[in-house]
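A look at the structure
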Amino acid sequence: MNRTAMRASQKDFENAMNQVKLLKKDPGNEVKLKLYSLYKQATEGPCNMPKPGVFDLINKAKWDAWNALGSLPKETARQNYVDLVSSLSSSLESSSQVEPGTDRKSTGYETLMVTSEDGITKIMLNRPTKKNALNVEMYHEIMHALKAASKDDSAITVLTGNGDYYSSGNDLTNFTDIPPGGVEEKAKNGAILLREFVGCFIDFPKPLIAVVNGPAVGISVTLLGLFDAVYASDRATFHTPFSHLGQSPEGCSSYTFPKIMSPAKATEMLVFGKKLTAGEACAQGLVTEVFPDSTFQKEVWTRLKAFAKLPPNAMRISKEIIRNREKEKLHAVNAEECSVLQGRWLSDECMNAVVNFLSRKSKL
Ligand SMILES: CCCCCCCCCCC/C=C/C(=O)SCCNC(=O)CCNC(=O)[C@H](O)C(C)(C)COP(=O)(O)OP(=O)(O)OC[C@H]1O[C@@H](n2cnc3c(N)ncnc32)[C@H](O)[C@@H]1OP(=O)(O)O
């Protein structure tokens, strides 16, 4: 259908806005700026904001994109927005047709390396230059990889990191690209994504092992309470600087950590951001066993290969009996944590902490 000959209705426009939220793949900053500028032009007309300062990089880029549309009529901007979303949806659909559903191979991932051999599916976080920080694409890809692993013929699944870090937690640049609906919409979508993401770990049916190759921060630590075993290099450290970031615990840690390590020890980590060595985390029960870094990979993979030879159905059923009676509770905790975090993301405490990190004023 040739849409340029048509006029997009308000309904088309609203549908397109909803479609944008459902895009599975990040369309990239250039396209997002285009979408932003067309949305603003379609709803408010020509750019009416004061020009941001040169150091306000994100708002300046948005202002430039909107201002560049000059006096483009609102109706044309609305039509262009609808056309852009439509082309975006079809190009992303056709790329997913190349590698459909759960058959996606390792090479289909941007942020992960996924391999399956010796009865083990290995999901390796693969943004080593960013310390394996989890950007929005990585959240989606991990969910995809977990769903595929739950159905493949491997006996166990392993999560690990590439490079010197296991993971530095949530990528703090996730906070920077604000959608047309503003920070409230961003926080709402973040909470939906987080709930679905953590839900995949709660529901994962096979033995899930963390091979913690180096320091772990934030959500990469909290999730460990949902793993079936956690093996760590003695180089690894564990910390959750939620209060420093004006945030609150997630990954069901507000429930699992007090049970695993006592309420007071959980408070030291989750409220005061105390960093644990691998040995300390093992003594607290968060880590199953610690290995010297020099022999870590060899020892752990030898052990995992032996585990993976055990009868898979027996392992799955035993996991079920250990974990299932907690599942409902964990989903409820997850929902509550996400709703509290949604509020925290809108707080000055959180926004200031993120700005400080991004402007290189602080590390955690
Ligand atoms: C409303 C928005 C919702 C969005 C979606 C929400 C999804 C759910 C969110 C769940 C909540 C999760 C919470 C957490 O995980 S809290 C923990 C967050 N992590 C941190 O605070 C760590 C921040 N990083 C650091 O403090 C240091 O980088 C670190 C100590 C980890 C390493 O220091 P080092 O000096 O060794 O290395 P660099 O700092 O030079 O790092 C190298 C490059 O990597 C970038 N980097 C590292 N970690 C992060 C990160 N977490 N986010 C973004 N970028 C990160 C760092 O900037 C360097 O980049 P450049 O080379 O480009 O400078």
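Because the structure is predicted, anything quoted here is derived from the model rather than measured.

1. What about the environment of Thr267?
Mapped onto the elements of the fold, Thr267 is located in helix H9 (residues 263-270). Judged by its relative accessible area of 30%, Thr267 is partly exposed. In the structure, Thr267 is positioned 155 residues away from Leu112 in sequence and 32 Å away in space, judged by C-alpha atoms. A polar contact is formed between the side chain of Thr267 and the backbone oxygen of Pro263, at a distance of 2.8 Å.

2. A short note on the sheet that holds strand E7 (residues 237-239)
Strands sit in the order E5-E7-E8 across an open sheet of three strands; the sheet is mixed. Each edge of the sheet is formed by a strand with only one pairing partner; in this case those strands are strand E5 (216-217) and strand E8 (276-277).

3. Examining the packing of aromatic side chains
Summed over the entire model, instances satisfying the criterion amount to nine aromatic pairs. When the centroid spacing of 6.5 Å and the interplanar angle of 55° are considered together, the rings of Tyr39 and Tyr81 count as tilted. Within this pair, whereas Tyr39 is found in helix H2 (residues 29-44), its partner Tyr81 is found in helix H4 (residues 74-98), the two being separated by 42 residues in sequence. An identical accessibility class is assigned to Tyr39 and Tyr81; each is buried. An angle of 55° between the planes, with centres 6.1 Å apart, marks the rings of Phe291 and Phe296 as tilted. Phe291 sits in the buried class, given a relative accessible area of 3%. A cation sits over an aromatic face here: Lys62 above Tyr36, 4.9 Å from the ring centre. The ring of Trp301 carries Lys122 above its face, with NZ or CZ at 5.2 Å from the centroid.

4. Brief notes about helix H11 (residues 296-307)
Compared with an ideal rise of 1.5 Å per residue, which puts twelve residues at 16 Å, H11 spans 17 Å between its outermost C-alpha atoms and is within 8% of the ideal. Turning to H11, its buried residues are Phe296, Val300, Trp301 and Leu304. Buried residues along H11 cover an arc of 100° about the axis, so they all sit on one side. Opposite the buried face of H11, by more than 90 degrees, sit the exposed residues Lys298 and Thr302.

5. Section: the sheet that holds strand E1 (residues 112-117)
Sheet architecture is open: six strands sit in the order E1-E2-E3-E4-E6-E9, paired in mixed fashion. Both outer strands of the open sheet, E1 and strand E9 (289-291), are each paired with one neighbouring strand and no more. Averaged over neighbouring strand pairs, the angle between their axes works out to 20° when direction is ignored. Where E1 meets strand E2 (residues 120-125), six bridges bridge the pair, whose relative direction is antiparallel. Across the sheet, residue Leu112 finds its bridge partner in E2, namely Leu125.

6. A few points about the domain arrangement of the protein chain
Segmentation of the protein chain into domains returns domain 1 (10-91) and domain 2 (112-362). Taking the mean C-alpha position of each, domain 1 and domain 2 sit 34 Å from one another. Taken residue by residue, the interface counts seven residues in domain 1 and nine residues in domain 2. Of the roughly 740 Å² buried between domain 1 and domain 2 on both sides combined, carbon and sulfur atoms contribute 57%. The tally of links from domain 1 across to domain 2 stands at one salt bridge. The partner of Lys32 in a salt bridge is Asp177, with the nearest N and O atoms 3.0 Å apart. For the interface between domain 1 and domain 2, the tally reads two residue pairs in polar contact (both at pLDDT 80 or more).

7. So, the nonpolar core
Ranked by internal contacts, the top residues of the largest apolar core, which has 63 residues, are Phe197, Phe201, Val212, Phe227 and Phe238. The greatest single-element share of this core, amounting to nine residues, is contributed by helix H6 (residues 182-203). Excluding anything up to four places from it in sequence, Phe197 contacts Leu134, Tyr139, Ile142, Met143, Ile219 and Leu223.

8. Here's the deal with the pattern of salt bridges
Per the stated rule, a full pass over the model turns up 16 salt bridges. Salt-bridge contacts for Lys131 lead to Asp164; the nearest nitrogen and oxygen are separated by 3.2 Å. Taken together, the positions of Lys131 in the loop between E2 and helix H5 (136-151) and Asp164 in the loop between strand E3 (156-161) and H6 put the pair 33 residues apart, joining distant regions of the chain. Given a relative accessible area of 32%, Lys131 falls into the partly exposed group. Salt-bridge contacts for Asp293 lead to Arg235; the nearest nitrogen and oxygen are separated by 3.6 Å. With a gap of 58 residues between them, Asp293 in the loop between E9 and H11 and Arg235 in the loop between strand E6 (229-233) and E7 connect regions that are remote in the sequence. One salt-bridge network, in which partners are shared between bridges, spans Asp228, Lys319 and Arg323.

Criteria and thresholds
- Residues numbered from 1 in each chain as written.
- Predicted model: local features only at pLDDT ≥ 70, side-chain atom pairs only at ≥ 80, totals over all residues.
- Heavy atoms only, no water.
- Helix = DSSP H or I, 4+ residues; strand = E, 2+ residues; numbered from the N terminus.
- Buried < 20%, exposed > 50% of the residue type's maximum accessible area, 1.4 Å probe, protein only.
- Polar contact = N/O pair within 3.5 Å; in protein donor to acceptor, adjacent residues only side chain to side chain.
- Pairing = 2+ DSSP bridges.
- Phe/Tyr/Trp six-rings, centres within 6.5 Å; stacked < 30°, edge-to-face > 60°.
- Lys NZ or Arg CZ within 6 Å of the ring centre and 35° of its normal.
- Expected span 1.5 Å × (residues − 1).
- Arc of directions from axis to C-beta.
- Axes fitted to C-alpha atoms, helices over the stretch in contact; angles between N-to-C directions.
- Domains from an automatic or database assignment.
- Contact = heavy atoms within 4.5 Å.
- Buried area = accessible area lost by both parts, 1.4 Å probe.
- Salt bridge = Lys/Arg side-chain N within 4 Å of Asp/Glu carboxyl O.
- Core = buried A, V, L, I, M, F, W, Y, C linked by side-chain atoms within 4.5 Å.

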